[in-house]
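Fold and geometry: a report
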Amino acid sequence: MRKLLIKILDLLQPLSLQELVWVGFAIAVLPLLVAIFSTINAIGNLADYSQTSVIRAVYLTQDSRILLERLSAMERSSKQYLVLEDPVFLATYQQEHENYVTVIERLNEYIENKGLSQMLMEITNEEIEIYRVINSTTIDDEKKKRVSERFKPLIAGAHSLWKNSSDVVEVVVEQLDKKSHTIKDHMIERFLLLLSGSMLLLLIFVRLIIRPIRQINSAIKKLGNGELDTPVQVAGPKDLEKLGNRLNWLRKRLIDLEEDKRRFLRSVSHELKTPLTSINEGAELLRDEVVGELNREQHEIANILLTSGRKLYDYIEELINYSQLQSQQDEGDRVKINFKALIETVIGDYTLQLKANDIEVIADLQPITAYGISDKMRTITDNLMSNAVKYSPKGGKIRISLQEKGNSVHLDIEDDGPGIAKNEYQQVFEPYYRGRSKKHEDVSGTGIGLAIVSEYVASHHGHIYVLPPTKKANGAHFRVQFPRDRREGSRQK
């Protein structure tokens, strides 16, 4: 059965989706058509059988009664002839005899019951004997007496035949009822069998149609999530296979575009760094008055140039780091990290900025060690901390929580900044995306810090979420969750 099904599927593969739908519809409907025609045929047979049986039973009853009447007439005319010996009465008897023979012939055609057939044969044989006696040349008193006595059992037999033929009608009705119930049961069995066949065929064709659509849907999801390594393979109708090939072409094109983008970022970033280094060095020489004494306005301009140049240099470094991050495929070396100490170190790096903006850090850190890549873990924490400091208002608070839940580590960072709109919860992790709110316009940044965090968290088989603000804070709330004991490529340190 399985081999036959596979062979059928192979034969149907070259069809287009439209052709497959029509073929599936035709094949699924075919058993139902068979059921309809078989039902019509069964009902027709039952009608024919009913008509034949009823007509036969009615004629049998009617001719049995006529037979009784003919025998009574024959008895009457025979007695008149035997008493009066008038040829007229003999002719009447012979005429009634001919009518009797006609009825006997019809009854022989209708009677199927062996008992009735035997009774009819006995009546016929007895009547032949009487007829022979009456038509003999000499009739004495003994013959007359014998004829008179022999008619009585003959008429009694005919009466019995008539009564039994009436019972046949009831038998025929019972047979019709039984046959109708049998046909009804057979129709239900056929219907259920053919319906099961139709449902099986329908499921086969639904699978033939749904499977490639699911494959296409899965391929589109992977493309949307940036999973470009797996080739797109769609097996099914030829037009859906063609669509799968186009999606695979799109996947390859996206890979090429992504590589072109990385190449462009690397090229532009490195090309910008060289002249920018010269600008920064020149601005630093001016600020340090190496080429001559500056007045206060000139000194401020040199500081602005140097500050802006360094900021631009940092942006370019971030672009280079993100470009390198995109091209990294290895897991790196995983070590056992004191995560609490790492977070405290990162908080310490922001001491001056926190004091300058009067920002308070409220840390609730459990002493947790987790396996990970040290540099990436530090970058994750640093970028989230930098984001919180950048958007926190003066006098605001930053809440950092580190907890272990089961085999997972949860790092939560909340601030009192403008927060993130719900419709931007996923977009903030996209490269170069910055919030649409006017509250974000005064905050500088490249929009790739959170993208790097998302990539690094994913490399640790974890997830990063944007959660709604809590009662304690009104700004952004980020949660990083990753497995505590994931040790691929790990080494103790």
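To start, this report covers the structure provided alongside it. (Residues numbered from 1 in each chain as written. Predicted model: local features only at pLDDT ≥ 70, side-chain atom pairs only at ≥ 80, totals over all residues. Heavy atoms only, no water.)

So, the overall build of the protein chain
Scanning the protein chain from N- to C-terminus turns up eleven helices and seven strands. The buried share of the protein chain, reckoned over its 493 residues, is 34%. Total accessible area computed for the protein chain in this model is approximately 29,900 Å², and 55% of it derives from carbon and sulfur atoms. (Helix = DSSP H or I, 4+ residues; strand = E, 2+ residues; numbered from the N terminus. Buried < 20%, exposed > 50% of the residue type's maximum accessible area, 1.4 Å probe, protein only. Areas by Shrake-Rupley, 256 points an atom, 1.4 Å probe, with all protein chains shown as cover.)

Topic: the packing of helix α10 (residues 374-391) against helix α11 (residues 449-459)
The interhelical angle for the contact between α10 and α11, taken along N-to-C directions, is 145°, at an axis separation of 9 Å. Between α10 and α11 lies a crossing whose hand is left-handed. Only Gly-449, Leu-450, Ile-452, Val-453, Tyr-456, Val-457 and Ser-459 of α11 make contact with α10, whose side of the interface consists of Lys-376, Thr-379, Ile-380, Asn-383 and Leu-384. Of the residues belonging to the contact of α10 with α11, the class tally is seven nonpolar, four polar and one charged. (Axes fitted to C-alpha atoms, helices over the stretch in contact; angles between N-to-C directions. Left-handed = near helix turned anticlockwise from the far one by under 90°. Contact = heavy atoms within 4.5 Å. Nonpolar A, V, L, I, M, F, W, Y, C, P; charged D, E, K, R; others polar.)

Let's talk about the packing of helix α3 (residues 87-110) against helix α4 (residues 114-134)
Running from amino to carboxyl end, α3 crosses α4 at an angle of 160°, the nearest separation of the two axes being 12 Å. In terms of orientation, α3 lies roughly antiparallel with respect to α4. Relative to α4, α3 is oriented so that their crossing is left-handed. Two secondary-structure elements touch here, α3 through Leu-90, Tyr-93, Gln-94, His-97, Tyr-100, Ile-104, Leu-107 and Asn-108 and α4 through Leu-120, Ile-123, Thr-124, Glu-127, Ile-130, Tyr-131 and Ile-134. Across the contact of α3 with α4, the residue classes tally to ten nonpolar, four polar and one charged. (Parallel < 35°, antiparallel > 145°, perpendicular 65-115°, else oblique.)

Here's the deal with the nonpolar core
Counting 39 residues, the largest nonpolar core has Phe-339, Leu-384, Met-385, Ile-398 and Ile-400 as the members making the most contacts within it. Elements that contribute at least two residues to this core include exactly β1 (335-338), α8 (339-349), α10, β4 (397-405), β5 (408-414), α11, β6 (463-466) and β7 (477-483). Ranked by the residues each element gives to this core, the list is headed by α10, at six residues. Contact partners of Leu-384, with chain neighbours within four places excluded, come to Ile-413, Leu-450, Val-453, Ile-464, Phe-478 and Val-480. (Core = buried A, V, L, I, M, F, W, Y, C linked by side-chain atoms within 4.5 Å.)

Focus on the side chain of Arg-251
Among the structural elements, Arg-251 can be located in helix α6 (residues 238-287). Non-local contacts of Arg-251, meaning those with residues more than four positions away in its chain, are made with Leu-223, Leu-228, Asp-229, Thr-230, Pro-231 and Val-232.

Comments concerning the environment of Val-291
Residue position: Val-291 is located in the loop between α6 and α7 (296-327). Apart from the residues within four sequence positions on either side, Val-291 is in contact with Leu-285 and Leu-286.

Describing α11
Listed in full, the buried residues belonging to α11 are Leu-450, Ala-451, Ile-452, Val-453, Tyr-456, Val-457 and Ser-459. Just downstream of α11, His-461 is the residue with a positive phi angle, here 60°.

Topic: a nonpolar patch on the surface
A cluster of nonpolar residues, Leu-32, Ile-188, Phe-191, Leu-192, Leu-195, Met-199, Leu-202, Val-206, Ile-210 and Ile-213, forms a patch on the protein surface that exposes about 790 Å² of accessible area. A per-element tally of the nonpolar patch places helix α5 (residues 141-224) first, with nine residues. With respect to the helices and strands, the residue Val-206 is situated in helix α5. Under the relative-accessibility criterion, Val-206 is labelled partly exposed at 38%. (Patch = residues over 30% accessible without salt bridge, like charges linked within 9 Å, V, L, I, M, F, W, Y side chains within 5 Å. Salt bridge = Lys/Arg side-chain N within 4 Å of Asp/Glu carboxyl O.)

Quick notes on the packing of aromatic side chains
Counted according to the given criterion, the structure contains three aromatic pairs. Between Tyr-93 and Tyr-131 the ring centres are 5.9 Å apart and the planes differ by 25°, which places this aromatic pair in the stacked class. Taken together, the residues Tyr-93 in helix α3 and Tyr-131 in helix α4 connect sequence positions 38 residues apart. What makes Tyr-131 partly exposed here is its relative accessible area of 26%. For the ring pair Phe-339 and Phe-482, a centre distance of 5.6 Å and an interplane angle of 90° mean the geometry is edge-to-face. Taken together, the residues Phe-339 in helix α8 and Phe-482 in strand β7 connect sequence positions 143 residues apart. (Phe/Tyr/Trp six-rings, centres within 6.5 Å; stacked < 30°, edge-to-face > 60°.)

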